[in-house]
Amino acid sequence: EEEEEEEEGSGEEEEGAGAAAEAEDDEMSFEVVDAADAVPPPAADAADEAAAALDELAVTPPAPPAADGLEVVDPALWYCHTLNRLQLKLAPGALTFLRADGLARLAALTTLIVSGNALTSLPECVGDLPLKNLDASRNKIKALPKMPAKTLEMCDVSSNKLTSLATLEPCVDLVTLAVDGNKLESLSELPFAGLGRLITLTASMNKIASLDPGLGLLVKMETCVLSENPFTELPSEFATCKKLKELKIDGCPVKDNKAKKYIQQGEMKNLLKYFEKNAGGGGGGGKGKKGKKK
């Protein structure tokens, strides 16, 4: 009987060991299968798609306008497709160009501020962006690219090296335009007849020798700053600018002392009446005096 009990005990131990081994095999098999299911080998199509995505996201070296130009803007910025306001403020002289293919990606951009840098130009793609506000003042820009015709409302390109404003011709929704401190000899390239919304125009410190009569078409203009220019006469067409509240001609050799007095004293209503009397170049003031003598 004792021998039978021993044999039964050893049999139970062997069965227990076998069950444990089977359980261990099942557990290891589960882990392996589970791991294989969790990380399946990539299919050929998926691998191709991943490679294509990497190629698309790959940042290629920029093509700067100058041989020694270096891109100082993080290339990742140009992939912020929903960005609507961008201001780039870097160390003096650091930013000399904007990467055109990068800026073109920002299809939602409505405000671009790049003032106080060393830009010599703006990319042509600026004209294709839905910009409402552009501040590129205090740079070294010599010419403006095509500009956003249907959206641009505020444009500050003061303190640059501009000689022409021709590319602003289609920008008829402008409300504020600042072109001070450039090399402009005339404002005649502006679309005066279409600038029905313009409220502020500043063009001081240029080389403007004569003022275009088209300024009188800016019927909503409230502020006009033309200081430090060489023109000597003010067009009587200013008489139609009924909302004009401020006109600055400091440092301009204007010959009409009466108009200068009204301007210096801030008497805009009297100034407009004076211009109205002289409208048409017939010297209305003088005729009035002769009438009194008769």
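A brief report on the enclosed structure follows.

The rules behind the values
Residues numbered from 1 in each chain as written. Predicted model: local features only at pLDDT ≥ 70, side-chain atom pairs only at ≥ 80, totals over all residues. Heavy atoms only, no water. Helix = DSSP H or I, 4+ residues; strand = E, 2+ residues; numbered from the N terminus. Buried < 20%, exposed > 50% of the residue type's maximum accessible area, 1.4 Å probe, protein only. Contact = heavy atoms within 4.5 Å. Areas by Shrake-Rupley, 256 points an atom, 1.4 Å probe, with all protein chains shown as cover. Salt bridge = Lys/Arg side-chain N within 4 Å of Asp/Glu carboxyl O. 1 Å grid on protein atoms, 1.4 Å probe; cavity = no way out; pocket = protein on both sides within 12 Å on 5 of 7 lines; lining within 4 Å. Points joined across faces, edges and corners; volume = space filled by probe spheres on them. Nonpolar A, V, L, I, M, F, W, Y, C, P; charged D, E, K, R; others polar. Phe/Tyr/Trp six-rings, centres within 6.5 Å; stacked < 30°, edge-to-face > 60°. Arc of directions from axis to C-beta. Lys, Arg positive; Asp, Glu negative; His and termini not counted. Polar contact = N/O pair within 3.5 Å; in protein donor to acceptor, adjacent residues only side chain to side chain. Disulfide = S-S within 2.5 Å. Pairing = 2+ DSSP bridges. Axes fitted to C-alpha atoms, helices over the stretch in contact; angles between N-to-C directions.

### Let's talk about the overall build of the protein
For step 1, the next point in the chain: Assigned secondary structure in the protein consists of 6 helices and 8 strands.
For step 2, the next point in the chain: Across the protein, helices and strands are ordered from the amino to the carboxyl terminus as α-α-β-α-β-β-β-β-β-β-β-α-α-α.
For step 3, the next point in the chain: For the protein, with 294 residues in total, the buried portion stands at 35%.
For step 4, the next point in the chain: Long-range pairs, those at least 24 residues apart, make up 28% of the contacts in the protein between residues at least 6 apart in sequence.
For step 5, the next point in the chain: Counting only carbon and sulfur atoms, one obtains 53% of the accessible surface of the protein, whose full area is about 17,300 Å².

### Notes on the pattern of salt bridges
For step 1, the next point in the chain: According to the stated counting rule, one finds 8 salt bridges in the structure shown.
For step 2, the next point in the chain: The salt bridge partner of R197 is E153, with a shortest N-O separation of 3.7 Å. Remark: E153 occurs in the loop between strand 3 (133-135) and strand 4 (154-156) and R197 occurs in the loop between strand 5 (176-178) and strand 6 (200-202); sequence separation between them is 44 residues.
For step 3, the next point in the chain: One network of salt bridges, with partners in common, ties together E71, R99 and D101.

### Thoughts on empty space enclosed by the protein
For step 1, the next point in the chain: Evaluation of the coordinates by the stated rule reveals 1 cavity of 30 Å³ or more.
For step 2, the next point in the chain: Taken as a whole, the largest cavity spans an internal volume of roughly 30 Å³.
For step 3, the next point in the chain: Around the largest cavity, the lining residues are E71, V72, V73, W78, F97, L98 and R99.
For step 4, the next point in the chain: Along the lines of polarity and charge, the residues of the lining of the largest cavity split into 5 nonpolar, no polar and 2 charged.

### Structural notes on the environment of V179
For step 1, the next point in the chain: With respect to the helices, strands and loops of the structure, V179 is situated in the loop between strand 5 and strand 6.
For step 2, the next point in the chain: Taking the C-alpha atoms as reference points, V179 and V157, 22 residues apart in sequence, are found 5.4 Å from one another.
For step 3, the next point in the chain: If near-sequence neighbours (up to four positions away) are discounted, V179 is found in contact with V157, S158, L165, L184, T202, A203 and N206.

### Notes on the packing of aromatic side chains
For step 1, the next point in the chain: As enumerated under the stated definition, the model contains 3 aromatic pairs in all.
For step 2, the next point in the chain: Plain terms: the ring middles of Y274 and F275 are 6.3 Å apart, the flat faces sit at 45 degrees to each other, and that makes the pair tilted.
For step 3, the next point in the chain: On the accessibility criterion, Y274 (16% relative accessible area) is buried.
For step 4, the next point in the chain: The buried category is assigned to F275, whose relative accessible area is 3%.
For step 5, the next point in the chain: Through pairs of rings, three or more aromatic residues link up here, namely F238, Y262, Y274 and F275.

### Some points on helix 5 (residues 268-277)
For step 1, the next point in the chain: Every buried residue belonging to helix 5 is among M268, L271, L272, Y274 and F275, and all of these are buried. Each buried residue of helix 5 sits inside an arc of 160 degrees when the element is viewed along its axis, so together they form one side. The outward face of helix 5, more than 90 degrees from its buried face, is lined by the exposed residues K269, K273 and K277.
For step 2, the next point in the chain: Buried positions along helix 5 lie against strand 8 (246-248) and helix 4 (257-264).

### Quick word on the side chain of D180
For step 1, the next point in the chain: By secondary structure assignment, the location of D180 is in the loop between strand 5 and strand 6.
For step 2, the next point in the chain: At 9.6 Å, K248 is the nearest oppositely charged side chain to D180, a buried residue that forms no salt bridge.
For step 3, the next point in the chain: A polar atom in the side chain of D180 sits 3.4 Å from the backbone nitrogen of A203.
For step 4, the next point in the chain: If we ignore the near neighbours within four places in the chain, the residues touching D180 are S158, S159, T202, A203, S204 and N206.

### Remarks on the state of the cysteines
For step 1, the next point in the chain: Scanning the model with the defined rule gives 0 disulfides in all.
For step 2, the next point in the chain: Cysteine C224 remains unbridged, with the sulfur of C241 as its closest cysteine sulfur at 7.8 Å.

### Topic: the sheet that holds strand 8
For step 1, the next point in the chain: Spatially, the 8 strands line up as an open sheet ordered 1-2-3-4-5-6-7-8, and their pairing is parallel. In this open sheet, the two edge strands, each paired with only one partner strand, are strand 1 (85-87) and strand 8. For this sheet the average axis-to-axis angle between neighbouring strands, irrespective of direction, equals 5 degrees.
For step 2, the next point in the chain: Where strand 5 and strand 6 come together, 3 bridges link them in parallel fashion. Bridging from a neighbouring strand, A178 pairs with T202 of strand 6.

### Remarks on the side chain of S227
For step 1, the next point in the chain: Among the structural elements, S227 can be located in the loop between strand 7 (223-225) and strand 8.
For step 2, the next point in the chain: When near neighbours in sequence (up to four residues on either side) are disregarded, S227 contacts S204, M205, K248, I249, D250 and C252.

### Structural notes on unusual backbone geometry
For step 1, the next point in the chain: In this model, S159 sits at a positive phi of 55 degrees, which is unusual for a non-glycine residue.
For step 2, the next point in the chain: In this structure, S159 sits in the loop between strand 4 and strand 5.
For step 3, the next point in the chain: Under the relative-accessibility criterion, S159 is labelled partly exposed at 35%.
For step 4, the next point in the chain: Residue E228 is not a glycine yet carries a positive backbone phi of 55 degrees.

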